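Secondary and tertiary structure notes
Below, each chain spelled out in residue letters.
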Amino acid sequence: MLRIHFTPDDFAKVSLAPRPAPLQELHVALTMMCRQDGELLHGSWRRKALRTLPEAAHPLADLVPAGRAPSFLDVMADSLPDALEQVRSAPPKVVSAELERVYAPTRIPAPAWIHDLRRGDSRAWRLIHRAQHAAFEALLGPVWAQVQDLHRAEFVRRAVQLAEGGVGSMLSGLLPGARLHGSVWELPGMPREVHVGGRGLLLLPTFHGAGGPLLCDLPDRPVVVTYPVGPGLPPQPDGSTGFQALVKVIGNTRAELLHLLAEARTTTELARRLRVSAPTISAHTAALRGAGLISTERAGKAVLHRRTALGSLLLGQNP
């Protein structure tokens, strides 16, 4: 459980990011692309992303040898040129220390250009600039207008929630499992204790993430919590979102099953409603259960299926 500690004054310094952060959204997308779980939902998107990613972006993999990125990549600027410039302006001591930190737990030898980067070589910095720009254009460029629209909608929704219910209501409702106990905000995630300590807290939605929040806790900077929003499926270039996007990823039958399972139903009932055989329903429910989207339990001789909270979120409904 991630626990973020507030002082009374810290609650007045909670803010919502007014615009999306290009590099942070890119880092979340790249992380999702490299994950192995959630094949049912994200496999198609991952395969397409891997095909789309140009060779110029490949050096980015050298910056995360063990899956943890150096902190100088944590940039929240809301325009790509500003974000790239902020990465380039990272203090040399920080760059060197962070590269050493991410490589220390591994036995992977750092490539030559990483050593050049530690020394501040300008060619190495140009390599990072080209890699980040190429990755952004390939993965996010086609959907960035949608990301901006989704961000505006989320900003308005949270701003209304803040105005009507206060900071406590907004923090408690930000993610499933989030809760505010006095001055401590608890979130699902790796066990960690974080103290805001007057620095402020910035809430940044991401539309390429799934699962728990991401934390950026750097000295003398606001604490940033990047949290996933929406059905857990990345925006599509054709503009489809929500149920339409879900149908494209898992198929119409499985999407319809999720829709029906807002209440518990038997295999026989599902087969009758969808006009398919019981073995076909069993195969679909097994796949959905394996992805954590439904639960199954016995009730006497019957087998009951019900949508999980994750399944509800994928449909854009309250869990």
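The structure under discussion appears in the preceding block.
The following paragraphs examine the structure supplied in this document. Remember, predicted model here, so these are calculated numbers, not experimental data. (Residues numbered from 1 in each chain as written. Predicted model: local features only at pLDDT ≥ 70, side-chain atom pairs only at ≥ 80, totals over all residues. Heavy atoms only, no water.)

1. Remarks on the overall build of the protein chain
Helix and strand content of the protein chain: twelve helices and eleven strands. A compact globule built from 319 residues would reach a C-alpha radius of gyration of about 20 Å, and the protein chain, at 22 Å, matches this within 12%. Taken over the C-alpha atoms alone, the protein chain extends approximately 70 × 50 × 35 Å along its principal axes. When contacts within the protein chain are restricted to residue pairs at least 6 apart in sequence, long-range pairs at least 24 apart make up 63% of them. Summed over all atoms, the accessible surface of the protein chain reaches about 16,100 Å², with 54% contributed by carbon and sulfur. Within the protein chain, the 28 negative side-chain charges are centred at a point lying 7 Å from the centre of the 36 positive side-chain charges. (Helix = DSSP H or I, 4+ residues; strand = E, 2+ residues; numbered from the N terminus. Rg over C-alpha atoms; globule rule 2.2 N^0.38 Å. Contact = heavy atoms within 4.5 Å. Areas by Shrake-Rupley, 256 points an atom, 1.4 Å probe, with all protein chains shown as cover. Lys, Arg positive; Asp, Glu negative; His and termini not counted. Charge placed at Lys NZ, Arg CZ, Asp CG, Glu CD.)

2. Regarding the pairing of strand 1 (residues 2–5)
Relative to strand 4 (residues 184–187), strand 1 runs antiparallel, the two sharing four bridges. Among the inter-strand pairings, Leu2 is bridged to a residue of strand 4, identified as Leu187. Sheet analysis places strand 1 next to strand 5 (residues 192–195), joined by four bridges and oriented parallel. Along strand 5, the bridge assignment pairs Leu2 with Arg192. (Pairing = 2+ DSSP bridges.)

3. A look at the sheet that holds strand 5
Taken together, the four strands give an open sheet; going across it, the order is 3-4-1-5, and neighbouring strands pair in mixed fashion. Since the sheet does not close on itself, it has two edges, and those belong to strand 3 (179–181) and strand 5, each with one partner. Neighbour-to-neighbour, the strand axes of the sheet open up by a mean angle of 25°, direction not taken into account. Each of strand 3 and strand 4 touches helix 7 (residues 144–172); the most contacted strand, strand 3, lies at about 125° to it. (Axes fitted to C-alpha atoms, helices over the stretch in contact; angles between N-to-C directions.)

4. Section: the environment of Glu297
Looking at the element boundaries, Glu297 is found in strand 10 (residues 294–299). The class of Glu297 is exposed, set by a relative accessible area of 54%. Sequence separation between Glu297 and Met190 is 107 residues, and the spatial gap between their C-alpha atoms is 30 Å. With near-sequence residues (within four places) excluded, Glu297 lies in contact with Ala302, Val303 and Leu304. (Buried < 20%, exposed > 50% of the residue type's maximum accessible area, 1.4 Å probe, protein only.)

5. Quick word on the sheet that holds strand 6 (residues 201–206)
The strand order across the open sheet formed by four strands is 2-6-8-7, and the pairing between neighbours is mixed. Each edge of the open sheet is held by one strand with a lone partner, namely strand 2 (14–16) and strand 7 (214–216). Across the sheet, the mean angle from the axis of one strand to that of its neighbour is 25°, orientation sign disregarded. Examined bridge by bridge, strand 7 and strand 8 (residues 223–228) share three bridges and lie antiparallel to one another. Looking at strand 8, one finds that Leu215 is bridged to Val225. This element, helix 1 (residues 22–34), spans strand 6, strand 7 and strand 8 of the sheet and lies at about 55° to strand 6. Together, strand 2, strand 6 and strand 8 form the strand contacts of helix 7, whose direction differs from that of strand 2 by roughly 160°.

6. Considerations on the nonpolar core
Ile4, Leu63, Phe72, Leu117, Trp185, Leu201 and Leu203 are the most contacted members of the largest nonpolar core, which totals 62 residues. Considering each element in turn, this core owes the most residues, nine residues, to helix 6 (residues 122–140). In this view, Leu117 contacts Leu63, Phe72, Val95, Leu99, Ala124, Trp125 and Ile128; residues no more than four positions away in its chain are not counted. (Core = buried A, V, L, I, M, F, W, Y, C linked by side-chain atoms within 4.5 Å.)

7. Looking at unusual backbone geometry
In the Ramachandran plot, Asp220 falls in the positive-phi region, its phi being about 65° despite a non-glycine side chain. Even without being glycine, Arg275 reaches a positive phi, approximately 60°. Mapped onto the secondary structure, Arg275 falls in the loop between helix 10 (267–274) and helix 11 (278–290).

8. A short note on the packing of aromatic side chains
Counted under the stated rule, the structure contains three aromatic pairs. Here Phe72 and Trp125 contribute two aromatic rings whose centre-to-centre distance is 6.0 Å and whose plane-to-plane angle is 65°, an arrangement assigned as edge-to-face. Placement of Phe72 in the loop between helix 2 (39–52) and helix 3 (80–88) and of Trp125 in helix 6 is noted, with a sequence separation of 53 residues between them. For Phe72, a relative accessible area of 4% corresponds to the buried category. Ring centres of Phe136 and Trp144 lie 5.2 Å apart, and the angle between their planes is 65°; this geometry places the pair in the edge-to-face category. Taking the relative accessible area as the measure of exposure, Phe136 reaches 6% and is therefore buried. (Phe/Tyr/Trp six-rings, centres within 6.5 Å; stacked < 30°, edge-to-face > 60°.)

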